[in-house]
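Residues per chain are reported as follows:
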Amino acid sequence: MAPSNKTLVISGPSGVGKGSLIEKLFNAHPNTFTFSVSHTTRKPRAGEVDGKSYFFVSQEEFETLKSEGGFVESAKFGSNSYGTSHRTIAEQTAKGLIVVLDIEMNGVRQIKENPNIEPRYVFIQPPSMQALESRLRGRGTENEEDIQRRLGQASAELEFANAQVGDKIIVNDDLETAYQELEAFVFQE
Ligand SMILES: Nc1ncnc2c1ncn2[C@@H]1O[C@H](COP(=O)(O)OP(=O)(O)OP(=O)(O)O)[C@@H](O)[C@H]1O
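Analysis parameters
Residues numbered from 1 in each chain as written. Predicted model: local features only at pLDDT ≥ 70, side-chain atom pairs only at ≥ 80, totals over all residues. Helix = DSSP H or I, 4+ residues; strand = E, 2+ residues; numbered from the N terminus. Contact = placed C-beta atoms within 7 Å. Near = placed C-beta within 6 Å. Nonpolar A, V, L, I, M, F, W, Y, C, P; charged D, E, K, R; others polar. UniProt positions renumbered as here; feature names shortened; annotations may be inferred. Axes fitted to C-alpha atoms, helices over the stretch in contact; angles between N-to-C directions. Parallel < 35°, antiparallel > 145°, perpendicular 65-115°, else oblique. Left-handed = near helix turned anticlockwise from the far one by under 90°. Buried ≥ 20, exposed ≤ 12 C-beta atoms within 10 Å, placed from the backbone. Pairing = 2+ DSSP bridges.

S.K.: Kindly report on the environment of V108, identifying the contributing residues and their values.
M.R.: Positionally, V108 belongs in helix 4 (residues 105-113). When the C-alpha atoms of V108 and P126 are compared, they prove to be 18 Å apart, with 18 residues separating the residues in sequence. Contacts of V108, omitting those with residues within four sequence positions, involve V9, S11, I103 and Y121.

This is the structure we're talking about:
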């Protein structure tokens, strides 16, 4: 079955398993999906390549692009700005690839308000807040303060997803089952 070539927006609280599901999708279907390379005003870290990790731009360039409506969504974290450009999505889509955006609810909100992009939305939910907490802890990549911040944000993410109509919601209880649901959704006609 041929998948729709629409951009796929995958959202959900931190630690819910978005990265794990996306990795499975990419591995099972080579040359089908791609991430959109974001623009950022932060400085490149060692080893990061412009145009691969990010498009590194100045604050001024970023603001110009933004004012021209060049971003489907953008956000500021700390003193750095990040954005997903229309052009990047269009270029990848033109190559026949399905662009996957892994973004948080404010990004989803912006995209939903943007008439120039009509993606498909998938929200990944945890079976429970306890499960989410133990995954975040089990991953071992955040300190306690970060974990608390992510858990605090998680209930807002869950409420937001539940208030959306017509989008796909997948509960990631068993990873394989959740993956099959995602795959079926992506490849449905
Ligand atoms: N169904 C599942 N059952 C148990 N553990 C899972 C399941 N899915 C994912 N995990 C584990 O939960 C942890 C968080 O998963 P992952 O890193 O994919 O989350 P994420 O949503 O991408 O988080 P972030 O938004 O912070 O990047 C990982 O250690 C992963 O192996």
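S.K.: For the site of the ligand, give the residues involved together with the corresponding values.
M.R.: If you check the shell around the ligand, you find 15 residues, and the closest are S14, G17, K18, G19 and R135. Looking at the shell around the ligand, the elements that each hand over two or more residues are helix 1 (18-28), helix 5 (129-139) and helix 7 (175-187). For the shell around the ligand, the per-class residue count stands at 3 nonpolar, 8 polar and 4 charged.

S.K.: Which residues make up the UniProt feature "domain: Guanylate kinase-like" (unreviewed entry) in the protein chain, and what values go with them?
M.R.: Residues annotated in UniProt with the feature "domain: Guanylate kinase-like" (unreviewed entry) correspond here to residues 5-187. The span residues 5-187 carries 45% helix and 21% strand; its end-to-end C-alpha distance comes to 10 Å.

S.K.: So what's going on with the packing of helix 1 against helix 7? Residues and values would help.
M.R.: At a closest axis distance of 10 Å, the pairing of helix 1 and helix 7 adopts a crossing angle of 60 degrees. Considering their axes alone, helix 1 and helix 7 lie oblique with respect to each other. Once helix 1 is placed against helix 7, the crossing between them reads as right-handed. Within the contact between the two elements, helix 1 uses S20, L21, K24 and L25 and helix 7 uses L175, A178, Y179, L182, E183 and V186. Residues belonging to the contact of helix 1 with helix 7 are distributed by class as follows: 7 nonpolar, 1 polar and 2 charged.

S.K.: Break down the environment of G15 for me, citing the residues and quoting the values.
M.R.: With respect to the secondary-structure elements, G15 resides in the loop between strand 1 (8-11) and helix 1. With 23 C-beta atoms packed within 10 Å, G15 lands in the buried category. Note: C-alpha distance between G15 and L136 (121 residues apart in sequence) is 5.0 Å. In contact with G15, other than residues within four places in its own chain, are L132, R135, L136, R139 and R150.

S.K.: Please provide a residue-by-residue account of the pairing of strand 1, values included.
M.R.: Successive residues of a regular strand alternate their side chains across the two faces of the sheet. Along strand 1, one buried face is formed by L8 and I10 and the opposite face, lined by V9 and S11, is buried too. Relative to strand 8 (residues 120-125), strand 1 runs parallel, the two being bridged by 4 bridges. Looking at strand 8, one finds that L8 is bridged to R120.

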